[in-house]
Amino acid sequence: MGKCLSFTASRDRFYRYFFSFSGLRSVTTDLEDGTTMHCWIPKVHEPTKPNLFLVHGFGANAMWQYSDLLRHFTPHFNVYLPDLVFFGASATTRPERTESFQARCVKKLMEVHGVHRTSLVGISYGGFVGYSVAAQYPEAVERLVLCCAGVCLEEKDMKDGLFQVSDLEEAASILLPQTPEKLRELMRFSFFKPVKVMPSYFLSDFIDVMCTDYVNEKRELIQTILKDRRLSDLPKISQSTLIIWGEQDRIFPLELGYRLQRHIEGNADLVVIRNAGHAVNLEKPKEFAKHLKAFLVDNR
């Protein structure tokens with residue numbers, strides 16, 4: 001009864017209908033290593049079309065982060081939207097928590113669905129995973145888009161004061177909100193112009209539906225991102241890459257975007273979207289889609 005009256009659950013059901021209407025179907029795959037991954041895949045794979053993987057970040061599942069983009073890309077690509085491990089309907093019994101492990105799971109999912117080569121868009125944490133896919137399997141990734149993905153951060157950045165949080169525990173409490181006030185704080189960090197008034201009922205409903213599964217495992221994902229991380233250990237990639245960043249990103253500051261462009265060297269363009277924060281895909285969806293289409297469709 002509770003879920004029938006839940007705005008969040010109703011919205012999630014709407015997204016499911018919308019994704020199905022857009023020519024996708026929901027599939028859960030057993031990767032046979034203790035890992036299962038859910039993914040939206042084309043109902044009909046068209047061999048003449050290129051492939052495109054859209055990889056989400058922290059927050060809700062893939063549907064919530066990419067629903068506004070589907071109509072721009074389903075006419076041009078076979079579109080795949082995986083739920084990363086411990087998000088949506090994906091999980092594992094294995095102990096690994098690195099983005100490298102997430103990337104290997106994405107690659108196995110590609111193989112299961114007969115995708116040998118793809119372009120890939122990664123938002124925030126999804127960009128960490130996407131970068132790792134491109135580094136580990138360069139032949140499998142044609143073009144890469146990294147959106148507000150602090151791939152080039154280092155463990156010492158926290159001590160040096162680059163971030164607006166004091167330590168990982170504070171970061172995890174914001175990224176994994178368990179109270180309405182923490183969710184409001186996440187919105188203030190994520191948006192340049194957050195909604196000023198949001199009733200606690202709606203926030204509690206969102207938390208109950210979207211933020212209570214695999215909390216400890218997601219906390220371990222966050223801890224693993226930063227642990228012993230050094231830029232000198234980050235492999236170079238050779239794929240043509242587009243970096244998109246919100247000018248006012250308070251989670252991964254813009255400096256990390258410039259750092260990432262320098263690290264990739266001649267293969268990366270950086271687009272900075274003004275008056276946007278970390279959730280640039282949600283705050284500036286038209287501008288975000290415009291840059292994606294120019295890079296993935298028009299420049300092919």
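What counts, and where the lines are drawn
- Residues numbered from 1 in each chain as written.
- Predicted model: local features only at pLDDT ≥ 70, side-chain atom pairs only at ≥ 80, totals over all residues.
- Heavy atoms only, no water.
- Helix = DSSP H or I, 4+ residues; strand = E, 2+ residues; numbered from the N terminus.
- Buried < 20%, exposed > 50% of the residue type's maximum accessible area, 1.4 Å probe, protein only.
- Contact = heavy atoms within 4.5 Å.
- Pairing = 2+ DSSP bridges.
- Right-handed = clockwise from strand over helix to strand, strands pointing away.
- UniProt positions renumbered as here; feature names shortened; annotations may be inferred.
- Disulfide = S-S within 2.5 Å.

1. Structural notes on the environment of Ile222
Within the secondary structure, Ile222 sits in helix H10 (residues 215-226). Judged by relative accessible area, which is 6%, Ile222 ranks as buried. For Ile222 and Glu169, which are 53 residues apart along the polypeptide, the C-alpha to C-alpha distance reads 9.4 Å. Apart from the residues lying within four places of it in its own chain, the contact partners of Ile222 are Phe58, Leu168, Ala172, Leu175 and Leu176.

2. Quick word on the pairing of strand E8 (residues 240-246)
The element E8 is largely enclosed, with a buried count of six among its seven residues. Here five bridges tie strand E7 (residues 141-147) to E8, and the two strands are oriented parallel to one another. The partner of Cys147 across the bridge, within E8, is Ile244. Note that E8 and strand E9 (residues 268-273) share six bridges and pair parallel. Residue pairing across strands places Gly246 opposite Ile273, the latter belonging to E9. Assessed by its sense of winding, the connection that carries the chain from E8 through helix H11 (residues 254-264) to E9 is right-handed.

3. Focus on the UniProt feature "domain: AB hydrolase-1" (unreviewed entry) in the protein chain
When the UniProt feature table is mapped to this numbering, "domain: AB hydrolase-1" (unreviewed entry) covers residues 50-285. In the segment residues 50-285, helix accounts for 42% and strand for 16%; the C-alpha atoms at its two ends are 23 Å apart.

4. Details of the state of the cysteines
Think of a disulfide as a covalent bridge from one cysteine sulfur atom to another cysteine sulfur atom. Tallied over the full model, the rule gives zero disulfides. The thiol sulfur of Cys148 is not disulfide-bonded, and the nearest other cysteine sulfur, from Cys147, lies at 4.1 Å. Relative accessible area serves as the criterion here: at 1%, Cys148 is assigned to the buried category. You can see Cys152 has no disulfide; the closest cysteine sulfur is in Cys148, sitting 14 Å from it. Accessibility expressed as a relative area gives 1% for Cys152, which makes it buried.

5. Considerations on unusual backbone geometry
Look at Ser124: it is not a glycine, yet its phi comes out positive at around 55 degrees. Checked against the element boundaries, Ser124 lands in the loop between strand E6 (118-123) and helix H5 (125-136). Overall, the relative accessible area of 11% leaves Ser124 in the buried class. Positive phi, close to 55 degrees, is recorded for Tyr214, a residue that is not glycine. By the element assignment, Tyr214 lies in the loop between helix H9 (200-210) and H10. For Tyr214, a relative accessible area of 32% translates into the label partly exposed.

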